[in-house]
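So you can see what is in the structure, the chains are spelled out below.
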2 protein chains.
Amino acid sequence: MVATLSCPASTYFVRSCYMRENHDQLKQQVTGIRTNGSFRSPVKVETLSQTVSTSTTTLGQAVTIGENGLRQNIPTKKQLVDPHRQGLIIEGGVGYRQTVVIRSYEVGADKTATLESILNLLQETALNHVWMSGLLSDGFGATHGMVRNDLIWVVSRMQVLIDYYPIWGEVVEIDTWVGASGKNGMRRDWLIRSKATGHIFGRATSTWVMMNRKTRRLSKMPEEVRAEVAPWFIEKQAIKEDTHEKIVKLDKEAKYMNSDLKPKRSDLDMNQHVNNVKYVRWMLETIPDQILEGHQLSGITLEYRRECGSLDIVQSLCEPEDDEILDGVVEPDYCTNLLNGLSADILNGGGVLTCLEQSSLRYTHLLQIKGEKQNDEIVRGRTAWKRKIVTIPFST
Amino acid sequence: MVATLSCPASTYFVRSCYMRENHDQLKQQVTGIRTNGSFRSPVKVETLSQTVSTSTTTLGQAVTIGENGLRQNIPTKKQLVDPHRQGLIIEGGVGYRQTVVIRSYEVGADKTATLESILNLLQETALNHVWMSGLLSDGFGATHGMVRNDLIWVVSRMQVLIDYYPIWGEVVEIDTWVGASGKNGMRRDWLIRSKATGHIFGRATSTWVMMNRKTRRLSKMPEEVRAEVAPWFIEKQAIKEDTHEKIVKLDKEAKYMNSDLKPKRSDLDMNQHVNNVKYVRWMLETIPDQILEGHQLSGITLEYRRECGSLDIVQSLCEPEDDEILDGVVEPDYCTNLLNGLSADILNGGGVLTCLEQSSLRYTHLLQIKGEKQNDEIVRGRTAWKRKIVTIPFST
């Protein structure tokens with residue numbers, strides 16, 4: 001089943017690996033961080049304590065700029081904590097948690113984190129999970145076993161649900177872990193949580209398979225790689241009962257269309273492919289501004305079909321699932337005014353809830369590569385949107 | 001002089017403020033972090049130590065999602081250390097240092113941090129400097145005194161020099177501090193440094209003035225605001241002998257031009273203006289791909305003239321300062337081959353240095369708003385580029 005999927009050499013390269021540590025190794029991890037065969041003094045969390053000292057050299061010897069290995073310091077053993085990444089291993093040794101502060105440039109005009117920023121942080125925490133595992137090879141998330149077999153991770157499906165968007169300066173925790181998906185696939189899940197209250201802001205799940213780097217064909221998971229990743233698998237799921245409802249394929253009758261989208265140099269990532277986040281931007285930019293201004297994305301599902309190269313010309317199609325005119329556009333301020341208390345008496349009349357229900361919108365999306373004879377699908381998508389309303393959703 | 005400048009309501013809002021602490025306050029800062037008038041238990045740096053515990057509530061009481069003040073936790077007193085931002089006050093109490101890890105999505109296809117990422121990190125550290133100072137008001141970097149006077153910071157000039165680009169996973173330290181610039185302006189400088197070796201990767205300096213938020217006219221610095229910011233001023237400069245060589249204004253004879261650039265919703269920042277980083281992207285995208293592929297930006301100077309709104313249509317002009325054909329395009333691999341040792345005998349002949357000098361390129365840039373009668377300048381720029389060559393530039 002999985003092997004028949006056509007998947008892109010995606011930008012969401014995530015892999016997880018495993019190294020059984022014994023007590024001696026654990027002891028080493030506590031006293032020193034192993035870097036490419038030589039020990040350095042432990043990276044002290046206390047380096048952040050108040051001091052006016054100049055920069056300290058944490059490596060025993062100076063590192064030459066040209067030596068990427070030393071500059072990156074990819075761990076060769078499993079690490080339990082990384083003070084610079086503010087990450088630590090959780091879930092009994094197989095999950096990863098990272099604390100992040102929402103930065104000034106990660107928020108949009110409304111001061112809340114953009115979907116793009118959130119997708120970037122999911123990618124970052126996934127890769128840091130692999131980083132901590134000690135078997136990150138050269139490349140964008142492949143294990144040593146995968147590199148030996150010329151394999152890369154490709155994502156076939158991704159779903160993100162966001163209840164609340166973190167704001168500028170907010171401290172959030174992102175948990176991520178992996179599980180089995182069929183015989184040859186891997187599931188990766190995430191939870192985004194307020195550090196201050198523990199409340200869940202968002203959840204995400206994704207499915208991964210392996211592709212041969214040279215033939216670009218999907219591959220079974222070699223036993224060597226299974227031995228690396230399987231010990232990290234757990235059953236826990238961030239999104240329960242994901243029904244995998246099929247996303248219909250749009251055609252040229254779609255209501256909205258952006259054509260002639262061309263990848264730019266800055267859209268390419270370490271794998272020389274158009275970054276996943278760029279896909280999402282192309283998708284969302286077909287939705288009219290008046291919808292985007294009053295709504296916030298509450299859910300997105302992506303089904304990846306093939307990769308997009310730097311020379312491809314892309315078309316973005318979008319179709320509302322319901323009649324968006326009635327629901328969201330004609331009366332953009334009506335519900336907001338109601339809920340802002342301008343018509344507080346109506347709030348008790350039951351009309352508001354109806355208004356809110358009506359105002360959630362759904363769209364189907366398609367990105368495809370424009371071809372001479374036929375168009376090749378890159379990714380199908382579905383998005384759900386809720387009206388932006390200031391609420392106090394829980395009062396624990 | 002400064003007051004006659006026409007400046008944009010830029011996106012680089014940075015302000016610095018001051019609160020004279022006494023010993024009691026200092027003691028408070030060590031034992032507890034004051035947040036909006038109530039003390040919470042100190043944010044322990046040790047929270048990153050290995051633990052599988054679930055999320056802890058760092059505030060004594062649960063925080064409701066809707067209350068941005070509590071979610072942001074903007075300090076009301078000067079802070080000396082922020083473990084989540086990995087920041088601390090340096091330079092005898094007036095400068096700020098932040099440790100950052102270069103993230104997977106902050107690098108380009110060559111695995112080095114993009115200029116955009118670096119500009120974003122400069123903005124972030126500047127705002128976090130203000131954050132730590134304890135007088136950050138609502139908005140994008142304005143002090144309480146500025147808010148009372150309806151003033152915002154606008155940037156008039158920015159210069160960034162980058163010798164080495166950090167790579168994916170590299171840990172860097174960014175220092176930032178402020179100084180006086182004329183009678184009514186402020187200078188903000190940055191240093192970007194390898195955490196491992198202390199070597200300097202890049203330097204930046206910028207000039208800021210105040211603008212009335214309503215009249216959009218430049219303003220003198222009120223005494224009330226001077227009292228906030230002046231105690232933070234120091235003389236130190238990241239870039240010495242900045243000669244302020246005037247950037248010529250390009251016209252329609254420029255060699256390269258991108259027209260009809262339209263800001264998108266995602267290009268707007270918290271101030272509803274097109275983000276500064278977007279300006280730079282528009283500038284650099286006029287340079288031909290074959291130049292960008294073989295070169296790395298080593299310096300950029302920006303002179304801001306006016307702000308760009310979401311409805312403006314922008315034109316990006318670019319002119320090489322020298323004959324780029326001779327220097328960079330015709331023989332793209334010649335110098336690289338030489339330096340990779342393929343013709344090692346030539347390395348000793350003195351030809352390589354000449355080759356390197358020739359291969360550095362300079363461009364003049366202009367972004368302007370297309371108008372019916374005349375075009376309004378947004379920003380003039382100058383960029384310098386060096387060929388990408390793997391070198392080991394120091395061997396301490």
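Figured I'd write up the structure that's included with this text. Every value quoted in this text rests on a predicted model; they were computed, and no experiment measured them.

### Observations regarding the side chain of histidine 295 of chain B
- For histidine 295 of chain B, the position within the fold is in strand S12 (residues 295–304).
- The class of histidine 295 of chain B is buried, set by a relative accessible area of 2%.

### Examining helix H6 (residues 276–284) of chain B
- Extensive coverage of H6 of chain B is indicated by the burial of nine of its nine residues.
- Buried within H6 of chain B we find Asn276, Val277, Lys278, Tyr279, Val280, Arg281, Trp282, Met283 and Leu284 of chain B.

### As for unusual backbone geometry
- The phi torsion at asparagine 73 of chain A lies on the positive side, around 60 degrees, for a residue other than glycine.
- By secondary structure assignment, the location of asparagine 73 of chain A is in the loop between helix H2 (68–72) and strand S3 (81–82).

### Remarks on the packing of helix H3 (residues 115–133) of chain B against H6 of chain B
All names here are of chain B.
- It is at 10 Å that the axes of H3 and H6 come closest, and there the two elements cross at 160 degrees. Taken together, the axes of H3 and H6 are roughly antiparallel relative to one another. Remark: the crossing between H3 and H6 carries right-handed chirality. In contact with Leu115, Glu116, Leu119 and Asn120 of H3, H6 contributes Val277, Val280, Arg281 and Leu284.
- Of the residues belonging to the contact of H3 with H6, the class tally is five nonpolar, one polar and two charged.

### What to know about the pattern of salt bridges
All names here are of chain A.
- A complete count under the given rule lists 50 salt bridges over all chains for this structure.
- A salt bridge links arginine 193 to glutamate 173, with the nearest nitrogen and oxygen atoms 3.0 Å apart. Residue arginine 193 is found in strand S8 (residues 185–194), and its partner glutamate 173 is found in strand S7 (residues 171–181); the two are separated by 20 residues along the sequence. Here the two residues arginine 193 and glutamate 173 agree in accessibility, since each one is buried.
- What emerges from the salt-bridge pattern is a single network uniting Arg97, Glu173, Asp175, Arg193 and Lys195.

### Things to note about the packing of aromatic side chains
- In the structure shown here, the tally under the stated rule is six aromatic pairs over all chains.
- Measuring from centroid to centroid gives 6.4 Å for tryptophan 168 of chain A and tryptophan 131 of chain B, while their planes differ by 65 degrees, and the two rings are edge-to-face. Note that tryptophan 168 of chain A is positioned in the loop between strand S6 (151–162) and S7 and tryptophan 131 of chain B in helix H3, a pairing that runs across two chains.
- Judged by relative accessible area, which is 2%, tryptophan 131 of chain B ranks as buried.
- When the ring of tryptophan 168 of chain A is compared with that of phenylalanine 140 of chain B, the centres are 5.7 Å apart and the planes differ by 75 degrees; the resulting orientation is edge-to-face. Here phenylalanine 140 of chain B lies in the loop between H3 and helix H4 (144–148) and tryptophan 168 of chain A lies in the loop between S6 and S7, a pairing that spans two chains.

### Digging into the pairing of strand S14 (residues 361–369) of chain B
All names here are of chain B.
- When you tally the buried positions in S14, you get eight out of nine residues, the bulk of the element.
- Where S14 lies against strand S15 (residues 376–387), nine bridges are found, and the strand directions are antiparallel. Across the sheet, residue arginine 362 finds its bridge partner in S15, namely alanine 384.

### Digging into the environment of glutamate 116 of chain A
- By the element assignment, glutamate 116 of chain A lies in helix H3 (residues 115–133).
- Spatially, the C-alpha atoms of glutamate 116 of chain A and lysine 278 of chain A are 8.3 Å apart, while their sequence positions differ by 162 residues.
- Ignoring any residue separated from it by four or fewer positions in sequence, one finds glutamate 116 of chain A in contact with Val277 and Arg281 of chain A together with Ser266 of chain B.
- Among the polar contacts made by the side chain of glutamate 116 of chain A, one reaches the side chain of arginine 281 of chain A at a distance of 2.8 Å.

### Re the environment of glutamate 319 of chain B
Residue and element names in this part refer to chain B.
- Relative to the helices and strands, glutamate 319 resides in strand S13 (residues 314–320).
- Each C-alpha atom, one on glutamate 319 and one on threonine 364, is 5.2 Å from the other, the two residues being 45 residues apart in sequence.
- Excluding residues within four positions of it along the chain, glutamate 319 makes contact with Leu250, Glu253, Ala254, Lys255, Arg362, Tyr363 and Thr364.

### Topic: the nonpolar core
- Ranked by size, the top nonpolar core spans 75 residues in total, and within it Leu115, Leu122 and Tyr279 of chain B carry the most contacts.
- Top contributing element to this core by residue count: H3 of chain B, with seven residues.
- Contacts of leucine 115 of chain B, omitting those with residues within four sequence positions, involve Ile162, Tyr165, Val280, Leu284, Leu297 and Ile300 of chain B.
- With 74 residues, the next largest nonpolar core counts Trp208, Met221, Trp232 and Tyr279 of chain A among its residues.

Cut-offs used in this document
- Residues numbered from 1 in each chain as written.
- Chains lettered and ligands numbered in written order.
- Predicted model: local features only at pLDDT ≥ 70, side-chain atom pairs only at ≥ 80, totals over all residues.
- Heavy atoms only, no water.
- Helix = DSSP H or I, 4+ residues; strand = E, 2+ residues; numbered from the N terminus.
- Buried < 20%, exposed > 50% of the residue type's maximum accessible area, 1.4 Å probe, protein only.
- Axes fitted to C-alpha atoms, helices over the stretch in contact; angles between N-to-C directions.
- Parallel < 35°, antiparallel > 145°, perpendicular 65-115°, else oblique.
- Left-handed = near helix turned anticlockwise from the far one by under 90°.
- Contact = heavy atoms within 4.5 Å.
- Nonpolar A, V, L, I, M, F, W, Y, C, P; charged D, E, K, R; others polar.
- Salt bridge = Lys/Arg side-chain N within 4 Å of Asp/Glu carboxyl O.
- Phe/Tyr/Trp six-rings, centres within 6.5 Å; stacked < 30°, edge-to-face > 60°.
- Pairing = 2+ DSSP bridges.
- Polar contact = N/O pair within 3.5 Å; in protein donor to acceptor, adjacent residues only side chain to side chain.
- Core = buried A, V, L, I, M, F, W, Y, C linked by side-chain atoms within 4.5 Å.

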